[in-house]
Amino acid sequence: MFIQTESTPNPATLKFLPGQTVLDAGTADFPSAEAAEKSPLAKRIFGVSGVTGVFFGNDFVTVTKSEDVQWDHIKPAILGAVMEHYQSGQPVMGAGAETASGHAEHTGEDAEIVNQIKDLLDSRVRPAVAQDGGDITFHGFDRGVVYLHMQGACAGCPSSTLTLKMGIENLLRHYIPEVTEVRPVAV
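Residues numbered from 1 in each chain as written. Predicted model: local features only at pLDDT ≥ 70, side-chain atom pairs only at ≥ 80, totals over all residues. Heavy atoms only, no water.

**Quick word on the pairing of strand 4 (residues 51–56)**
And then number 1: Counting buried positions along strand 4 gives five out of six residues, so the element sits mostly inside the fold.
And then number 2: In textbook terms, the turn of a hairpin is the stretch between consecutive antiparallel strands, and for strand 4 and strand 5 (residues 61–65) this stretch comprises four residues. (Buried < 20%, exposed > 50% of the residue type's maximum accessible area, 1.4 Å probe, protein only. Helix = DSSP H or I, 4+ residues; strand = E, 2+ residues; numbered from the N terminus. Pairing = 2+ DSSP bridges.)

Quick look at the structure:
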């Protein structure tokens, strides 16, 4: 098994590509070791000292480290943990664990606008941020303000504010005049 790694715009995260499907559908975010209890793979990665977050996409695993640890010191242990997991035959997600489909539900008078927002996020934004090891999902829409949830490499990334304001906000405002602003939300 050959696992590739890619850097991300967030220096605290690294993207690991195991060369096989990680999740069949959706994403899974583990911002803490406690959250990782429902995933044998995430639990194994959190066993490496210095790991502070794990995120799964379709074909990648993004790992976030603490500031006081260098990638050169923990990358081999993470590669080992991923390889051991796939050789063990255990599932990525434990029984009863759910993956996130992405967007929050929204009903009401803005439903048509929200559907347009979700379509643009799915077609133009999410594929791009997945290449960087992250995900951005719809959280809410209120009086012209779109609230987005940032996960994986996007969470805590120094360039995430620029991506939100200059990229996503401009895109949504261009196609949907009712959108006036985009803000991140912590979940």
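**Some points on the pairing of strand 2 (residues 13–17)**
And then number 1: The element strand 2 is largely enclosed, with a buried count of five among its five residues.
And then number 2: Two successive antiparallel strands, strand 1 (residues 4–7) and strand 2, enclose a turn made up of five residues.
And then number 3: When strand 2 meets strand 5, the two strands line up antiparallel, connected through four bridges. Residue pairing in the sheet places Lys-15 in a bridge with Thr-62 of strand 5.

**A closer look at the UniProt feature "domain: Scaffold protein Nfu/NifU N-terminal" (unreviewed entry) in the chain**
And then number 1: Within the UniProt annotation, "domain: Scaffold protein Nfu/NifU N-terminal" (unreviewed entry) is assigned to residues 3–89.
And then number 2: For residues 3–89, helix accounts for 29% and strand for 26%, while the C-alpha atoms at its two ends are 16 Å apart. (UniProt positions renumbered as here; feature names shortened; annotations may be inferred.)

**A closer look at the sheet that holds strand 8 (residues 181–185)**
And then number 1: Taken together, three strands build an open sheet; the order of strands is 6-7-8 and the sheet is mixed. Pairing within the sheet leaves two strands with one partner each, and these edge strands are strand 6 (134–142) and strand 8. Direction aside, neighbouring strands of the sheet carry axes that sit 30° apart on average.
And then number 2: Alignment of strand 6 against strand 7 (residues 145–152), held across eight bridges, turns out to be antiparallel. (Axes fitted to C-alpha atoms, helices over the stretch in contact; angles between N-to-C directions.)

**Focus: the packing of helix 3 (residues 111–131) against helix 4 (residues 160–175)**
And then number 1: Their axes nearest at 11 Å, the elements helix 3 and helix 4 cross at an angle of 130°. Relative to helix 4, the element helix 3 lies oblique. As helix 3 runs across helix 4, the sense of the crossing is right-handed. Along its contact with helix 3, which presents Ile-117, Leu-120, Leu-121, Arg-124 and Val-125, the element helix 4 presents Ile-168, Leu-171, Leu-172 and Tyr-175.
And then number 2: The residue inventory of the contact of helix 3 with helix 4, partitioned by class, reads eight nonpolar, no polar and one charged. (Parallel < 35°, antiparallel > 145°, perpendicular 65-115°, else oblique. Left-handed = near helix turned anticlockwise from the far one by under 90°. Contact = heavy atoms within 4.5 Å. Nonpolar A, V, L, I, M, F, W, Y, C, P; charged D, E, K, R; others polar.)

**A closer look at the nonpolar core**
And then number 1: Of all hydrophobic cores here, the largest spans 27 residues; its most connected members are Phe-30, Ile-45, Val-54, Phe-56, Val-61 and Ile-78.
And then number 2: Counting only elements with at least two residues in this core, the list comes to strand 2, strand 3 (28–30), helix 1 (40–46), strand 4, strand 5 and helix 2 (71–88).
And then number 3: If one sorts the elements of this core by residue count, helix 2 sits on top with six residues.
And then number 4: When neighbours within four sequence positions are excluded, Phe-56 is seen to be in contact with Val-22, Leu-23, Thr-27, Ala-28, Phe-30, Ser-39, Leu-41, Ala-42, Val-61, Val-92 and Met-93.
And then number 5: Residues Ile-113, Leu-121, Val-125 and Leu-171 belong to the second largest nonpolar core, which totals 21 residues. (Core = buried A, V, L, I, M, F, W, Y, C linked by side-chain atoms within 4.5 Å.)

**Looking at the sheet that holds strand 5**
And then number 1: On the basis of which strands lie adjacent, the open sheet formed by five strands has the order 1-2-5-4-3 and antiparallel pairing. Every other strand in the sheet has two partners, leaving strand 1 and strand 3 as the edge strands with one partner each. Looking at each pair of strands side by side, their axes are set apart by 20° on average, direction ignored.
And then number 2: Where strand 3 lies against strand 4, three bridges are found, and the strand directions are antiparallel. Counted as the bridge partner of Phe-30 is Val-54 from strand 4.

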